Amino acid sequence: MRLSDLKKGKKAVVIKVHGYGLLRKRLSEIGFIRGKIVQVVYFAPLGDPVVYRVLGSEIALRLDAASMIEVEPIQNDQRET
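Residues numbered from 1 in each chain as written. Predicted model: local features only at pLDDT ≥ 70, side-chain atom pairs only at ≥ 80, totals over all residues. Heavy atoms only, no water.

Quick notes on the sheet that holds strand S5 (residues 69–73)
So, step 1. Pairing is antiparallel in the open sheet, where five strands are placed in the order S4-S3-S2-S1-S5. Strands at the two margins of the open sheet, each flanked by one partner only, are strand S4 (57–61) and S5. Averaged over neighbouring strand pairs, the angle between their axes works out to 40° when direction is ignored. (Pairing = 2+ DSSP bridges. Helix = DSSP H or I, 4+ residues; strand = E, 2+ residues; numbered from the N terminus. Axes fitted to C-alpha atoms, helices over the stretch in contact; angles between N-to-C directions.)

Details of the nonpolar core
So, step 1. Core analysis: the largest hydrophobic core is formed by 17 residues, its most contacted members being Leu 3, Phe 32, Val 38, Tyr 52, Leu 61, Ile 69 and Val 71.
So, step 2. If you list the elements that add at least two residues to this core, you get strand S1 (11–17), strand S2 (37–43), strand S3 (50–54), S4 and S5.
So, step 3. Sequence-distant contacts of Val 71, that is, excluding residues within four places in its chain, are made with Met 1, Arg 2, Leu 3, Ala 12, Val 13, Val 14, Ile 15 and Val 38. (Core = buried A, V, L, I, M, F, W, Y, C linked by side-chain atoms within 4.5 Å. Buried < 20%, exposed > 50% of the residue type's maximum accessible area, 1.4 Å probe, protein only. Contact = heavy atoms within 4.5 Å.)

Brief notes about the side chain of Gln 39
So, step 1. Mapped onto the secondary structure, Gln 39 falls in strand S2.
So, step 2. For Gln 39, a relative accessible area of 19% puts it in the buried group.
So, step 3. In this structure Gln 39 touches Gly 9, Lys 10, Lys 11, Val 51, Tyr 52 and Arg 53, once residues within four positions along its chain are discounted.

Comments concerning unusual backbone geometry
So, step 1. A cis amide bond, omega 10°, links Asp 48 with the succeeding residue Pro 49.
So, step 2. Within the secondary structure layout, Pro 49 lies in the loop between S2 and S3.
So, step 3. Positioned with a positive phi, Leu 55 is a non-glycine residue whose angle comes to about 50°.
So, step 4. Note on Leu 55: relative accessible area 52%, which makes it exposed.

Things to note about the environment of Asp 64
So, step 1. Mapped onto the elements of the fold, Asp 64 is located in helix H2 (residues 63–66).
So, step 2. Residue class for Asp 64 comes out exposed when judged on its relative accessible area of 57%.

Details of the pattern of salt bridges
So, step 1. Enumeration over the complete set of coordinates arrives at four salt bridges.
So, step 2. Among the ionic pairs, Asp 48 bridges to Arg 62, the shortest N-O distance being 3.6 Å. Residue Asp 48 is located in the loop between S2 and S3, and its partner Arg 62 is located in the loop between S4 and H2; the two are separated by 14 residues in the primary sequence.
So, step 3. Its relative accessible area of 30% is what places Asp 48 among the partly exposed residues.
So, step 4. Classification of Arg 62 by relative accessible area gives partly exposed; the value is 48%.
So, step 5. Here Glu 58 ties to Arg 53 by a salt bridge, and the two come within 2.6 Å at their closest N and O atoms.
So, step 6. Put simply, Lys 25, Arg 26 and Glu 29 are held in one network by salt bridges that share partners. (Salt bridge = Lys/Arg side-chain N within 4 Å of Asp/Glu carboxyl O.)

Written out as structure tokens, the structure reads:
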């Protein structure tokens, strides 16, 4: 599943950041690292960009950048680490 497919309020674990170059490097630098938990905070009025919470910070990403991040959704009964 891609981060851009996640619904508001849902959490997921980052599996992999796809792509190459500066965008991939920047996404890793701001906290989208394998194993970290990310949550969808809210969508802009027109649906793009989307604000995500990762490593205690809120980061706005366009959907095309978010689609480069592969995640695994966290179920409500799973333990978050």
